[in-house]
Amino acid sequence: MAINLADLSLPQLEGLKSQLDQEIEFLTSSISQLKVVQAKYVEAKDNLNSLNKNNQGKELLVPLTSSMYVPGTLNDVEHVLVDVGTGYYVEKNVADSKAFFKRKLDFLTKQIEKIQPALQEKHAMKQGESTNSLHKFKSKYHL
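Now for a look at the structure at hand.

The rules behind the values
Residues numbered from 1 in each chain as written. Predicted model: local features only at pLDDT ≥ 70, side-chain atom pairs only at ≥ 80, totals over all residues. Heavy atoms only, no water. 1 Å grid on protein atoms, 1.4 Å probe; cavity = no way out; pocket = protein on both sides within 12 Å on 5 of 7 lines; lining within 4 Å. Points joined across faces, edges and corners; volume = space filled by probe spheres on them. Helix = DSSP H or I, 4+ residues; strand = E, 2+ residues; numbered from the N terminus. Nonpolar A, V, L, I, M, F, W, Y, C, P; charged D, E, K, R; others polar. Buried < 20%, exposed > 50% of the residue type's maximum accessible area, 1.4 Å probe, protein only. Core = buried A, V, L, I, M, F, W, Y, C linked by side-chain atoms within 4.5 Å.

### Section: the layout of surface pockets
Then step 1. Space inside the largest pocket adds up to approximately 830 Å³.
Then step 2. Lining of the largest pocket is provided by 23 residues; of these, Glu43, Ala44, Asn47, Pro63 and Leu81 occupy positions nearest its centre.
Then step 3. Those elements that place two or more of their residues in the lining of the largest pocket are helix 1 (10-47), strand 1 (59-65) and strand 3 (79-85).
Then step 4. No other element matches the 6 residues that helix 1 contributes to the lining of the largest pocket.
Then step 5. When grouped by side-chain class, the residues that make up the lining of the largest pocket number 15 nonpolar, 3 polar and 5 charged.

Written out as C-alpha cells, the structure reads:
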C-alpha cells in the first residue's frame, strides 16, 4: 500500500524522516561492515600468493596479538589453517584456501549488491519526504 506523502502532516513527515534516517544509517553500517570483512578476505587470498617454494625456510614474524609478534620460520608452504568462523580452523592446501576465499568474496559481493538498491530507495524516499516537508512548511507559514 503506497502512502501519498502530500497527505501526511508535518509531524508525520518528521517521524518518517527520522525512521528513514535510522534505516539509512543501518543499511550504510551494514555495507561498511561487509566491506571490512571483504577486505580481510581479499588480503588473505592475496597473501596466499607468497606461499611458494622460494619462501620456504625463510624467517618471518608470527602475530601473537595485533601488536605483538614472535620470530618464526616458514616450514610448510603448501598448507594453511583457515579461520572458517566461530573459532574453528581448518587445514587446507593453498588451492582449496583460494577457492574458499573466492566463495566468501562472491557471497559478500552478492550481499552488498542486495543492500545497495534498498539504500538507494531509502535515499530517494528521504529526498521525496524532504521536498514534501518543505512544501508543507511553506504553505503553513505562507512563505
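### Thoughts on unusual backbone geometry
Trans peptide bonds make up the majority, and among non-glycine residues the majority have a negative phi.
Then step 1. Backbone geometry at Thr86 places phi at a positive 45°, although glycine is not the residue there.
Then step 2. For Thr86, a relative accessible area of 76% translates into the label exposed.

### Overview of the nonpolar core
Then step 1. Membership of the largest hydrophobic core comes to 19 residues, with the highest contact counts inside it found for Leu48, Leu51 and Phe101.
Then step 2. For this core, the secondary structure elements donating two or more residues are helix 1, strand 3 and helix 2 (94-140).
Then step 3. At 8 residues, the largest contribution of residues to this core is made by helix 2.

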